[in-house]
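Residues per chain are reported as follows:
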Amino acid sequence: MTGRGPLAGIRILEVGTMLAGPYATMLLADLGAEVIKVEPLGGEISRSVGESYFASLNRNKLSIFLDLNSEAGQRRIGELAAQSQALLVNLKPSAIRRLGLTYEALRRWNERIVCVAITGYGLNGGDDPAFDYVIQAATGVAALTGEPDGPPTLPGYSSADNSTGMCAALGLLAMIVSGRGGQVDVSLRDVMLSQLNYHAAGYLNEGIEPHRRPYGAHSYYVPAQLFPTADGYLALFITHDGFWKSFADEAGIGGFETMAERVARRDEVLGVVTAMLATDTAAGWERRLRPLGVPAAAVRTLPEALKATPEIVVRAGDLRLVGNPVRVSGYQPDYRPPPRLGEHGDGLNA
């Protein structure tokens, strides 16, 4: 480890399950926080998914097991809360309240503790099931994804869970910085609606209802989408006229010099660009356009992307994982493997 982690000295209790909560606290643990994963006697459910899955969300943590339904478990979580800066939980609202994992329940142990609740629809939003895919469907994400004449499509990863975990970590840190305790309420539904920011603003203010476009085209910029090439697909994202000039000069395309003209003549522009990009491969166009400063990338598989970015891959014990995306000057995390169930149950000061 290089230097002292920016969150060193901060203790966070996690009563998390599967993805959103554990992802939030793992990011904080990577940055130096002491994260104590509080697990039920049989272990957190994601342990059964597989070693690499569990490790991808729980490295750098400590583990204890408590029966939070028991008197002894309730007393122990209170004792730990008294010596912690924050608690993060992702369960149904009724379970969070029943287990006493809110600020109102824990403030008697520690007035300055920050309690973060990740739920589907908010602490006061009820217990309706709210898994990632359900939220993507409910908030318009699935309806906006895919080809226009195809079915609604789910992104290939847990976008709602991951995004909510990041927002929960932000809310937790904001309250710690404020110096006062309190409740932070983060819901998957609200996070995903927030992620649709400019689409939502366009509809709320101008009545523009977003819709799917071929090849994931941007709602305004032209050309900004995926294009088929002689081999593979290319993402091309032209957001201003300087980018267009550089691209058009390299591709041998004349005209359409302003964004306003390209927007007005979208279909014509896309036809010309598609025909020209078909004369070379996606990798070839990337090699030609990158040095010109034109935003372009060949569509890669995850294995291809990881091979091209070896610096993001880290070791945690015997496991290889994707490292923390937040790079802090003077600090390099010491990635430790995830804890064994209850591994630190007897060694914690409370």
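Nothing here was measured: the structure is a model prediction, and the numbers come from that model. (Residues numbered from 1 in each chain as written. Predicted model: local features only at pLDDT ≥ 70, side-chain atom pairs only at ≥ 80, totals over all residues. Heavy atoms only, no water.)

The helix and strand inventory of the protein stands at 14 helices and 11 strands. When its C-alpha atoms are laid out on the principal axes, the protein stretches across 75 × 45 × 35 Å. Going through the 350 residues of the protein one by one, you find that 44% of them count as buried. Residue pairs in contact within the protein that sit at least 24 positions apart in sequence constitute 68% of those at least 6 positions apart. Charge centroids of the protein, computed over 32 positive and 37 negative side chains, lie 5 Å from each other. (Helix = DSSP H or I, 4+ residues; strand = E, 2+ residues; numbered from the N terminus. Buried < 20%, exposed > 50% of the residue type's maximum accessible area, 1.4 Å probe, protein only. Contact = heavy atoms within 4.5 Å. Lys, Arg positive; Asp, Glu negative; His and termini not counted. Charge placed at Lys NZ, Arg CZ, Asp CG, Glu CD.)

Right, let's get into the sheet that holds strand β8 (residues 233-237). Read from one edge to the other, the open sheet built from three strands follows the order β7-β8-β9, with strand pairing classed as antiparallel. Of all the strands in the sheet, the pair left with one neighbour each is β7 (224-228) and β9 (296-298). Taking each pair of neighbouring strands and ignoring which way they run, the sheet shows an average axis angle of 20 degrees. In this structure, β7 lies alongside β8, joined through five bridges in antiparallel fashion. Following the sheet pairing, Phe-227 is matched in β8 by Leu-234. Across the sheet, helix α12 (residues 266-277) is in contact with β7 and β8; its angle to β7 comes to roughly 45 degrees. (Pairing = 2+ DSSP bridges. Axes fitted to C-alpha atoms, helices over the stretch in contact; angles between N-to-C directions.)

On to the side chain of Gln-225. Looking at where Gln-225 falls in the secondary structure, it is placed in strand β7. Judged by its relative accessible area of 8%, Gln-225 is buried. If we skip the residues at most four places from it in the chain, Gln-225 touches Pro-214, Tyr-215, Gly-216, Ala-217, Leu-234, Ala-235, Leu-236 and Leu-270.

Taken as a class, soluble globular proteins show a tendency for nonpolar side chains to be buried jointly. With 31 residues, the main nonpolar core has Ile-12, Leu-28, Leu-88, Val-116, Ile-135, Ala-168 and Leu-172 as its most contacted residues. Every element with two or more residues in this core is listed here: α1 (20-30), β4 (86-90), β5 (114-119), α7 (159-178), β6 (182-187) and α8 (188-195). Counting residues per element, this core draws most heavily on α7, at five residues. Not counting chain neighbours up to four residues away, the residues in contact with Ile-12 comprise Thr-25, Leu-28, Ala-33, Glu-34, Val-35, Ile-36, Ala-86 and Leu-172. (Core = buried A, V, L, I, M, F, W, Y, C linked by side-chain atoms within 4.5 Å.)

The full count for this structure, using the stated rule, is six aromatic pairs. Between the aromatic rings of Trp-244 and Phe-256, the centroid separation amounts to 6.4 Å while the plane-to-plane angle is 80 degrees, which identifies the pairing as edge-to-face. With Trp-244 in helix α10 (residues 241-251) and Phe-256 in the loop between α10 and α11 (259-264), this pair connects stretches of sequence that are 12 residues apart. Pairing Phe-247 with Trp-285 gives two aromatic rings, centres 6.4 Å apart and planes at 50 degrees, and the pair type is tilted. With Phe-247 in helix α10 and Trp-285 in helix α13 (residues 282-289), this pair connects stretches of sequence that are 38 residues apart. Note on Trp-285: relative accessible area 0%, which makes it buried. Ring-pair connections join several aromatic residues into one group, and the members of that group are Trp-244, Phe-247, Phe-256 and Trp-285. A cation sits over an aromatic face here: Arg-288 above Trp-285, 4.0 Å from the ring centre. (Phe/Tyr/Trp six-rings, centres within 6.5 Å; stacked < 30°, edge-to-face > 60°. Lys NZ or Arg CZ within 6 Å of the ring centre and 35° of its normal.)

Side chains of strand β11 (residues 319-322) alternate between two faces, with Leu-319 and Leu-321 buried and Arg-320 and Val-322 left unburied. Examined bridge by bridge, strand β10 (residues 313-316) and β11 share four bridges and lie antiparallel to one another. Looking at the pairing, Arg-315 lines up with Arg-320 of β11. Hairpin connection of β10 to β11: two residues between the antiparallel strands, including Gly-317 at a positive phi of 65 degrees.

Mapping Asp-231 onto the fold places it in the loop between β7 and β8. Residue classification places Asp-231 among the exposed positions, given a relative accessible area of 53%. Sequence separation of Asp-231 and Ala-24 is 207 residues, and the distance between their C-alpha atoms is 39 Å. Aside from chain neighbours lying at most four places away, what touches Asp-231 is Asp-280, Thr-281 and Ala-282.

Scanning the entire structure with this criterion turns up 18 salt bridges. Ionic pairing is found between Arg-47 and Glu-39, a salt bridge with its closest N-O pair at 2.7 Å. For Arg-47, a relative accessible area of 25% translates into the label partly exposed. The exposure class of Glu-39 is buried, given its relative accessible area of 1%. (Salt bridge = Lys/Arg side-chain N within 4 Å of Asp/Glu carboxyl O.)

Moving on to the domain arrangement of the protein. In many reports, interface size means the accessible area that the parts give up when they come together. By the assigned domains, the protein splits into domain 1 (11-195 + 312-322) and domain 2 (233-298). Distance from the C-alpha centre of domain 1 to the C-alpha centre of domain 2: 42 Å. (Domains from an automatic or database assignment.)

If you check which residues of α13 are buried, you get Ala-282, Gly-284, Trp-285, Glu-286 and Leu-289. Tucked into the core, α13 has its buried residues touching β8, α10, α12 and β9.

The strand order across the open sheet built from six strands is β3-β2-β1-β4-β5-β6, with neighbouring strands paired in parallel fashion. Of all the strands in the sheet, the pair left with one neighbour each is β3 (62-65) and β6. When the angles between neighbouring strand axes are averaged without regard to direction, this sheet yields 20 degrees. Pairing analysis gives four bridges linking strand β1 (residues 11-15) to strand β2 (residues 34-39), with the strands arranged parallel. Across the sheet, residue Ile-12 finds its bridge partner in β2, namely Val-35. Lying on the sheet, α8 is in contact with β5 and β6; it crosses β6 at an angle near 65 degrees.

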